[in-house]
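# Structural overview for review
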Amino acid sequence: MTSRMAAWALVSTFVFAGLSACGGGGYFLAEEGATSIEFALQPEDTVVSNVFQATVVLKKANGDVMPLDGETVNLYLDGNPTGTQLLGQTEKMSRLGVCYFLDSLTIDDVGNGYTLRAEMGDLTAISAPFSILPVQVASIAFLKEPLATPVGVPFEVSVELRDQVGSLLPRDGVPVTVRIRSNPSGGTLSGVTTVDSVQGVCTFPGLSIDAMGDGYSLQAEQTTFTATSAAFNILPPPVAGLAFTVQPPAETDAQAPFGFQVELRDAGNNLTPRSGVQVAVSIENNAGGGTLSGTNTAVSVDGVCDFSGLSITKPGTGYTLKASYGAFETVSGAFNILMLPPTWDATFGTALTGGAASDDSGESVNFGFSFPFYGTTYSNCFVNSNSNITFGSSDSDFSDSVSELSSDQPRIAGWWTDLSPNQQGSVHAKALSDRLVITYNNVNEWGQTGGKTYQVTMWDSGRIDVFYKSMTGPSGSGLIGISPGGNLRSAQSFDFSATTFPSWTNVGSTFPYEDVPSGETDLNNDGWIIFDPLGPSFDGTDGYRFATSG
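Rules used in this analysis
- Numbering of residues starts from 1 in every chain and runs along the sequence as written.
- Owing to the predicted nature of the model, reporting of local features is limited to residues with pLDDT of at least 70; listing and counting of side-chain atom pairs is limited to 80 or more, with chain, interface and lining totals taken over all residues.
- Each side-chain value is derived from all of the structure's non-hydrogen atoms; neither hydrogens nor water enter the calculation.
- In DSSP terms, a helix is any run of H or I states spanning at least four residues, a strand is any run of E spanning at least two, and both are numbered starting from the N terminus.
- Here the globule rule is a power law, 2.2 Å times the number of residues to the power 0.38, and the radius of gyration is based on C-alpha atoms.
- Residues count as neighbours in contact if any of their non-hydrogen atoms are within 4.5 Å of one another.
- Surface accessibility follows the Shrake-Rupley procedure with a 1.4 Å probe radius. Residue values consider only the protein chains on display as shielding.
- By this definition, two strands are paired if DSSP reports at least two bridges between them.
- Exposed residues in this analysis have more than 50% of their type's maximum accessible area, buried residues have under 20%, and partly exposed residues fall in between, with area computed by a 1.4 Å probe over protein chains only.
- Each Phe, Tyr or Trp ring, with Trp reduced to its six-membered ring, pairs with another whose centre is within 6.5 Å; inter-plane angles below 30 degrees give stacked pairs, above 60 give edge-to-face pairs, and intermediate values give tilted ones.
- Note on geometry: a ring has a charge over it if NZ (lysine) or CZ (arginine) is within 6 Å of the ring centre and within 35 degrees of the ring normal.
- The term salt bridge refers to a pairing of a side-chain nitrogen on Lys or Arg with a carboxyl oxygen on Asp or Glu at a separation within 4 Å.
- On a range of 0 to 100, pLDDT expresses the predictor's confidence in each residue.

## Topic: the overall build of the protein chain
Counting its secondary structure elements, the protein chain contains 2 helices and 47 strands. Its C-alpha atoms give the protein chain a radius of gyration of 52 Å, more than 25% over the compact-globule value 24 Å for 550 residues. Taken along its principal axes, the extent of the C-alpha atoms in the protein chain is 165 × 50 × 35 Å. For the protein chain, the proportion of contacts with a sequence separation of at least 24, taken over those separated by at least 6, is 60%. Carbon and sulfur atoms provide 49% of the accessible area of the protein chain, an area that totals close to 23,700 Å².

In structure tokens:
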């Protein structure tokens, strides 16, 4: 039965009780006016903003219904605990003595002890008390989901109350509890796990879980309603430091690859098995002025960064490396980079066709990098036909002498003598990113048969290698050495073959040379010399050291 039908059934007996029979089966009004009014259908407890109903009847003096049409009745709030308004159609006209208020009465404020007052002229009636109830919780949902968080570190979630249509229900004081639902690692949830709602939201700050794991979830509970959070991970502890757990090798050849491991540490200096953290390494103590080559970053896997394939270009004793991640750093133990012996480059590069290929002349060749030599850096050098290399200008002098080595241009004398590439052999240059290789290939001395084949390699580090492949045929003496020229340093004679690598002889403030007598063969057939710059600048300012194949 509908509300309207129920209301009609309730009052119908009052209506017909007020009618009297007359001839022909008809009825007539026994009286002309009502003496009172009263609520026939009382308002009931109703959820806020929902429609509630009431009916008012007109009464005779004897208590029967006065079945009048068109009488106006108005409704007002009499008991009004919240001071709100009665909304809807509050004025109705009677029909057979009944005013029906069935379709639109509402009150928008929650409260207890409301009453209605009906007025028709001087007649009034007061309803029974009723309450306007809050909307009931129909579901709950996570408003702020848990995010991936390190183990033991506090995180925050929030849960909201929802009404029947899924909107936020802004109620206070409704308790909600959270607990772990999916627990992949058997963790324990700590913090305040039961919170009362404030305007429909329960906020849980300071929650934490004590076991790492992937795929945790939380469950929120309110009486019979539950909600499940999105899955989240409890991560390893935050990085609070680094440590070399596998050190660089104690000794490694220059330019040879080596590796080591760096470990992520937590605040307790224990391994924190975090993946995806990028750690960078650099040279901390640059004992030989070298450059770190290779991939100098590694990404952690379970807290460990593996570095491999790194190398250092220049030898030195007591190198160290620094590993860095953000503000965290650690330094390796000391290690040594050993000098690599020179090797013969059988691909000579481009044959020179200018002064270097003629007699008593030279031509410029570019390095492609800055080459340091006795405190000055050069972008090019001059390759001279008479088997020496100068800086600043070429040199045509075929008569080698120690005095000229001391006083003229800065010079590298691989075998300074009167060679004649225009008669026999060739001179080549091969420029690479880190070195320039000059090769004298089977070049004879002027007027002689037989040839001399050797290479001078100038590295971007300032190191100079001289490799004697084959020095055949008749020969006068040859001058070997390096000098800044300009009489800047005094000459010092050495027997280069007397110091066998890896032993070294430091030259210091002098420049080294050897005037090789005719017929000497100790640097022939794959013999070699290394000239290596000394000092913190490693540009030759502090002199050189040398070593040979012996």
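## Some points on the sheet that holds strand β44 (residues 505-506)
Strands sit in the order β33-β38-β39-β40-β41-β46-β47-β44 across an open sheet of 8 strands; the sheet is antiparallel. The two strands at the open ends of the sheet, each matched to only one other strand, are β33 (350-351) and β44. Alignment of β33 against strand β38 (residues 426-431), held across 2 bridges, turns out to be antiparallel. Across the sheet, alanine 351 pairs through a bridge with histidine 428, a residue of β38.

## Some words on the pairing of strand β42 (residues 478-483)
Most of β42 sits out of view: 6 of its 6 residues are buried. Here β42 shows two buried faces, one formed by Gly478, Ile480 and Ile482 and the other by Leu479, Gly481 and Ser483. Sheet topology places strand β37 (residues 411-416) next to β42; 4 bridges connect them, and they run antiparallel. Residue alanine 413 lies in a different strand from β42, and its bridge partner there is glycine 481. Direction of pairing for β42 relative to strand β45 (residues 511-516): antiparallel, over a ladder of 4 bridges.

## Structural notes on the packing of aromatic side chains
Per the counting criterion, the structure on display carries 30 aromatic pairs. Between the aromatic rings of tryptophan 344 and phenylalanine 348, the centroid separation amounts to 6.0 Å while the plane-to-plane angle is 85 degrees, which identifies the pairing as edge-to-face. The class for phenylalanine 348 is buried, based on a relative accessible area of 18%. An angle of 20 degrees between the planes, with centres 6.2 Å apart, marks the rings of phenylalanine 371 and phenylalanine 373 as stacked. Assigned by exposure class, phenylalanine 371 and phenylalanine 373 land together as buried. An aromatic cluster is present here, built from Phe367, Phe369, Phe371, Phe373, Tyr374, Tyr378, Phe391 and Tyr544 joined pairwise through their rings. Across the ring face of tryptophan 504, the terminal group of arginine 545 is positioned such that the distance to the ring centre comes to 3.9 Å.

## Describing the pairing of strand β32 (residues 335-338)
Here β32 shows a clear split, with Phe335 and Ile337 buried on one side and none of Asn336 and Leu338 buried on the other. By the bridge criterion, 3 bridges tie strand β24 (residues 251-253) to β32 in an arrangement that is parallel. Each residue of the ladder has a partner; that of threonine 252, found in β32, is isoleucine 337. The pairing of strand β30 (residues 316-325) with β32 spans 3 bridges and is classified as antiparallel. What sits directly across from threonine 317, in β32, is asparagine 336.

## Topic: the pattern of salt bridges
Throughout the structure, instances matching the rule amount to 18 salt bridges. Put simply, glutamate 38 and lysine 59 hold a salt bridge, and the shortest N to O gap is 2.9 Å. Of this pair, glutamate 38 sits in strand β3 (residues 36-41) while lysine 59 is found in strand β5 (residues 52-59), placing the two residues 21 residues apart along the sequence. Judged by relative accessible area, glutamate 38 falls into the partly exposed class, the value being 32%. Overall, lysine 59 belongs to the buried group, its relative accessible area being 6%. Across the pair lysine 430 and aspartate 345 runs a salt bridge, and its minimum N-O distance is 3.0 Å. Here lysine 430 is found in strand β38, whereas its partner aspartate 345 is found in the loop between β32 and β33, with 85 residues between them in sequence. Aspartate 345 shares its class with lysine 430; the two are buried.

## Comments concerning the confidence of the model for the protein chain
Looking at the protein chain, the pLDDT average stands at 90 and 93% of residues meet or exceed 70. Scored below 50 in pLDDT, residues 1-31 shows 49 contacts in the model against residues more than four places distant or in partner chains.

## Quick word on the environment of isoleucine 530
Note on placement: isoleucine 530 falls in strand β46 (residues 527-533). Considering only alpha carbons, one finds isoleucine 530 and valine 176, 354 residues apart in sequence, at a separation of 80 Å. Among all residues touching isoleucine 530, those that are not within four sequence positions of it are Met339, Leu340, Pro341, Pro342, Arg463, Ile464, Asp465, Phe501, Trp504, Arg545, Phe546 and Ala547.

## Brief notes about unusual backbone geometry
Backbone torsion omega between phenylalanine 501 and proline 502 reads 15 degrees, so that peptide bond is classified as cis. Within the secondary structure, proline 502 is located in the loop between β43 (491-493) and β44. Located in the positive-phi region is glutamine 199, a residue other than glycine, with phi close to 50 degrees. Judged by relative accessible area, glutamine 199 falls into the partly exposed class, the value being 46%. Of note, aspartate 360 is a non-glycine position whose phi angle comes to about 55 degrees, a positive value. In this fold, aspartate 360 is placed in the loop between β33 and β34 (362-373).

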